[in-house]
Number of protein chains: 2
Amino acid sequence: MDPVRVIADPRIVIGDGTAPRLPRTRSDHPMSDLETFLSRAAEILGAEHVIAYGDGDGYVDPYPLHTGRPPAAGVRPGSVEEVQAIVRLANETGTPLWTFSRGKNLGYGGSSPRLPEQVVVDLSRMNRIHEVDPELAYAVVEPGVTFFNLFDHIQENGLPLFVSVPALGWGSVLGNALDRGYGMSPYGDHVQQLCGLEVVLPDGSLMRTGMWALEDSPLSNIFKGGFGPNVDQLFTQSGLGIVVRAGIWLMPWPETFVSGDITVDRVEDLPELIDRIADLRRREVFQNNCLVGNVVRAAIMRGRRKDFYEGEGTIPDERVEEMKEEMGIGHWNARFALYGDAGMIRERLRIIEEAFDLPGFTVKSRVYEGRDGAPVSYDDIPEIDKTTMAGVPTLKPLETIGWYAEDGGHIDIAPLVPARGAEVLDFYSEVKELYTKHGFDLYIGYHVYARHLVHVTMIFFENGNEEQLARARALYSEVREAAARRGYTPYRGHIDNMDEIAAEFSFNDHAALRFQERLKDALDPNGILSPGKQGVWPARFRDER
Amino acid sequence: MDPVRVIADPRIVIGDGTAPRLPRTRSDHPMSDLETFLSRAAEILGAEHVIAYGDGDGYVDPYPLHTGRPPAAGVRPGSVEEVQAIVRLANETGTPLWTFSRGKNLGYGGSSPRLPEQVVVDLSRMNRIHEVDPELAYAVVEPGVTFFNLFDHIQENGLPLFVSVPALGWGSVLGNALDRGYGMSPYGDHVQQLCGLEVVLPDGSLMRTGMWALEDSPLSNIFKGGFGPNVDQLFTQSGLGIVVRAGIWLMPWPETFVSGDITVDRVEDLPELIDRIADLRRREVFQNNCLVGNVVRAAIMRGRRKDFYEGEGTIPDERVEEMKEEMGIGHWNARFALYGDAGMIRERLRIIEEAFDLPGFTVKSRVYEGRDGAPVSYDDIPEIDKTTMAGVPTLKPLETIGWYAEDGGHIDIAPLVPARGAEVLDFYSEVKELYTKHGFDLYIGYHVYARHLVHVTMIFFENGNEEQLARARALYSEVREAAARRGYTPYRGHIDNMDEIAAEFSFNDHAALRFQERLKDALDPNGILSPGKQGVWPARFRDER
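Remember, predicted model here, so these are calculated numbers, not experimental data. Numbers given for residues are sequential positions, taken from 1 along each chain in its written order. As they are written, the chains are lettered A onward and the ligands numbered 1 onward, keeping that order. Owing to the predicted nature of the model, reporting of local features is limited to residues with pLDDT of at least 70; listing and counting of side-chain atom pairs is limited to 80 or more, with chain, interface and lining totals taken over all residues. Only hydrogens and water are set aside; all other atoms, that is, all heavy atoms of the structure, feed into the side-chain values.

### Observations concerning the side chain of Asp-133 of chain A
Logical step 1: Only DSSP runs of H or I reaching four residues or more are called helices, and only runs of E reaching two or more are called strands; each is numbered from the N terminus. On the secondary structure map, Asp-133 of chain A appears in strand S5 (residues 129-133).
Logical step 2: Any N or O atom pair separated by 3.5 Å or less is treated as a polar contact, with the protein-specific requirement of one donor-capable and one acceptor-capable atom, and with residues adjacent in sequence counted only for side-chain atom pairs. Among the polar contacts made by the side chain of Asp-133 of chain A, one reaches the main-chain amide nitrogen of Leu-136 of chain A at a distance of 2.7 Å.
Logical step 3: At 2.7 Å, the side chain of Asp-133 of chain A forms a polar contact with the side chain of Arg-420 of chain B.
Logical step 4: When residues no more than four places from it in sequence are discounted, the contact partners of Asp-133 of chain A are Tyr-138 and Leu-161 of chain A together with Arg-420 of chain B. We call two residues in contact whenever any of their non-hydrogen atoms come within 4.5 Å of each other.

Right under this line is the structure:
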């Protein structure tokens, strides 16, 4: 499958140097002076980096569950100075921006902005890797650097570092961390690996955070925290600034790598599985977040629906049972990996095997060591285990969107759930009923951390199939409601649902959101940077909620 | 030694119910309406919780390197509602506050505020432990809860949890984390263990952060991050709010505990020691921050100076060499600990022994296991290893202040240094020259993390010995200057040096400090909460810098 065919890649649709086409406007807002913005942006960036779209072109959600929402236009700055100039210009012309690094955000609205009058700021040209320190194990990168780019750089230079990658490798290393995305390795909580940010503030000025604010200090990207209130995390899931460069910690390259699987034969043994995984993660026997999938997930990763089942509605339990047997897997299938010294790995495997020495549970693992005393390398790992857990970026999961139809899409529902087995099974049962009621196949992938898990379910659909889309919308809402009733909320949000999710944070008349908006108004009085991101609106647009 | 004799404990000097004495005022500020504040505070809190002091009483630095700086008065709220009422009252009367949890802050100015007109808000009465979850391993505590309190609670209830404790156990669990203090265990980076804050904002309103802002959610204290910009870290080293309750993650109780020592015979082998420790910390073989001390530190931990040397000036190298032999230690002495499964610990020890199998290096360790298959307990660990690395809170290091004289004090200099051995030795050599020049004995304690170390040196002195204090001040300044020249800055600051340290963060005309002050003015327009903390001044007091 060619990913470019699936996702409109904005890089292939650039301006032609003529005056940009004016986008549609909205009468209920004082119109920003977009024409002036675009012509002056062309002077700053060159006309080829100013992109005008009509409805349906470029920068839109490739998987629209609702109507598409194209931006007013796009700009593609190539340097910090150009970002600063664009932000200052936006303040002068009152132009609301919507920033992204690579603009993937699949299943969460893609690169679509929240409001049609927003001009997207596409940072993909800022793709320099400024520094990689192989000893203290960190990199300093720009937002356009993808996981593929960083991985390739490290491999080409033979550096003893391991890149933590998420499900799809074409996203931005920085963008993923800033949006609190995660990867599959011990450093998989990406936002926690950020150390030192360079940020263009809403007034166009430049700030460095933490120790990077010292001039010429070797501490810039190795200590989290500067002096006084730590502001770094303000720029996560945020429109309070545009991060143009940041330090990100990397794991030292491990001597040995293990790919392991735990299969569980019975659905009702989920609580034991979750409780024991989380316990071993808290005890740091497991080093990464195990990924627990169900039978439907395994099928979706392997083929199209028609290869497994042709009936209407959700795949019946009896057929799921057969599919399990055909694929030779469990009802629950946990994938884990281990990293480091071979002796420690042997002990980890012993503990894991003891913990899951239960009826109906099976543990299998493949250990990869280097040759002649050298650490393992990718030459020692066969294709089947060159996975995201092994730090290899990929686009393979894109194929899953073809589950129902060639022209498919998906939306993700990823509430956080406490890592308590009984609670997880209880919620699973409710979600399963909802998927059955609305006739969708239930994809489950639990990312199990020490104290919580990310309860990823996806809804796959055929783009443009209105009957199915209507059911998908209803299912999405009901799963969200079921989660909210239990106090489970998503860790990130689809652009269409940001206000609704933000509203759940209701303690003391939404004190947290009011606080975020107070910061927004103080730092961005003109409401320029990504208004509405995660439900935080500047005063100027607050009636959009 | 009785700690109460050494440190004036504010709890033993409380008001008597009569009208509070007015403190000294300063003519260069518009006087806040302190009399009204104190009489209304007495109505809110009860007169016994409103404390007036003259110079020299109570809440002052017990180790003054400069002149003492008593507060205008003190208030001791006992509940969230009382904190809110005090903050609202302070806004009405224009009274600047200075908040602390337990007010220890030894070597950094104690509980002294930055300005004499500040009224201290002493949170020590708020000492409830609201929740301890033994499964998901976290506690929810108020700021008055000390490390002793939390340790005792967990021991008394037989909970399988391990408390990460700093050098002295009488400090606040929350206060230590919020000021970015650290402990000696795998969870020793305490600020990273905070999860969910309840905060009284500068206007007296109450906010909960992260998932705690959801009503009745089980996620409150188990996932870092809510939705949108994460504001938690804004309240670290901060006067942007008063944290009245927070979640803090705890380590599961380990099955086995090891106390280990690496001794290094030659001074010049420091780089090998540091580089290998940091490498093994990055590889998560070492689980906690190793503490590397020199010979003088070992002597200071064991006795008084007169027991080792009676001459003037810094102890000569020849005598240090003898002391090393007498104590049977190395020039460098690294203490580490290991935690968890006995098999994994054996492998860790093997790797450590291999890494330090170098001429002049010795590794020794004592392994403590539980009996009859049970996990280790404190009953299995002898007194000598019931250390902070074993999670046991203590006051023993207080004795070190008697090094020069019965009535002693100390000031700490703790710049951060990259964990690169050659750099550390180079800086050590310069610091040693400065201590020699000013005639002080050089105490070194390096806390070695994965990418940085905290380069703790202390200057011990006799309280009131003006000749010695003058030398101490000169030495302090010169060490700070030497560090600053290399781009090393302290992770926290003595109240007397906060402006100077903050000024080092000078990138782009102090953009980071200007940003912090912009937040301060937006959130605390009356400049009520801890003005001047970490050099962040509200507009009202900005000329104090």
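So that's the structure; there's more coming.
### Some thoughts on the relation of the copies chain A and chain B
Logical step 1: For the pair chain A and chain B, the best superposition has an RMSD of 0.0 Å and corresponds to a rotation of 180° with a translation of 0.0 Å parallel to the axis. The transformation just described matches what one would write down for a two-fold rotation axis.
Logical step 2: Most of the interface of chain A is mirrored in chain B: 99% of its interface residues are interface residues there too. When the copies are overlaid, the least-squares fit takes in C-alpha atoms only where the residue has pLDDT of at least 70 in both copies.

### Considerations on the packing of aromatic side chains
The description of an aromatic ring pair uses the distance of the two centres, along with the angle that the planes make with each other.
Logical step 1: When the centres of two rings from Phe, Tyr and Trp lie within 6.5 Å, Trp using its six-membered ring, the rings pair. Their planes under 30 degrees apart give stacked, over 60 give edge-to-face, and anything left gives tilted. Applying the stated criterion across every chain, the model contains 36 aromatic pairs over all chains.
Logical step 2: Residues Phe-162 of chain A and Tyr-339 of chain A carry aromatic rings whose centres are separated by 5.5 Å and whose planes lie at 85° to one another, so their mutual orientation is edge-to-face. With Phe-162 of chain A in strand S7 (residues 161-162) and Tyr-339 of chain A in strand S14 (residues 332-340), the pair connects residues that are 177 residues apart, well separated along the chain.
Logical step 3: The buried label applies to any residue whose accessible area, calculated with a 1.4 Å probe on protein chains only, is under 20% of its type's maximum; exposed applies above 50%, and partly exposed to all values in between. Owing to a relative accessible area of 4%, Tyr-339 of chain A belongs among the buried residues under this scheme.
Logical step 4: Arranged with centres 5.0 Å apart and planes meeting at 75°, the rings of Trp-332 of chain B and Tyr-428 of chain B form a pair that is edge-to-face. A residue pair is termed long-range when its members are at least 10 positions apart, and Trp-332 of chain B in strand S14 (residues 332-340) and Tyr-428 of chain B in helix H10 (residues 421-437) qualify at 96 residues.
Logical step 5: Here Tyr-428 of chain B falls in the buried class, since its relative accessible area comes to 7%.
Logical step 6: An aromatic cluster of at least three residues, connected via ring pairs, comprises Phe-151, Phe-162, Trp-253, Phe-257, Tyr-339, Tyr-368 and Tyr-378 of chain A.

### Side note on helix H6 (residues 270-282) of chain B
Residue and element names in this part refer to chain B.
Logical step 1: Expected helix span is given by 1.5 Å per residue-to-residue step, counting one fewer step than there are residues. A rise of 1.5 Å per residue sets the reference length of H6, with its 13 residues, at 18 Å; its end C-alpha atoms lie 18 Å apart and thus fit the reference within 8%.
Logical step 2: Among all positions in H6, only Leu-270, Pro-271, Leu-273, Ile-274, Ile-277, Ala-278, Leu-280, Arg-281 and Arg-282 are buried.
Logical step 3: Two residues or fewer past H6, Glu-284 is found with a positive phi of approximately 60°.

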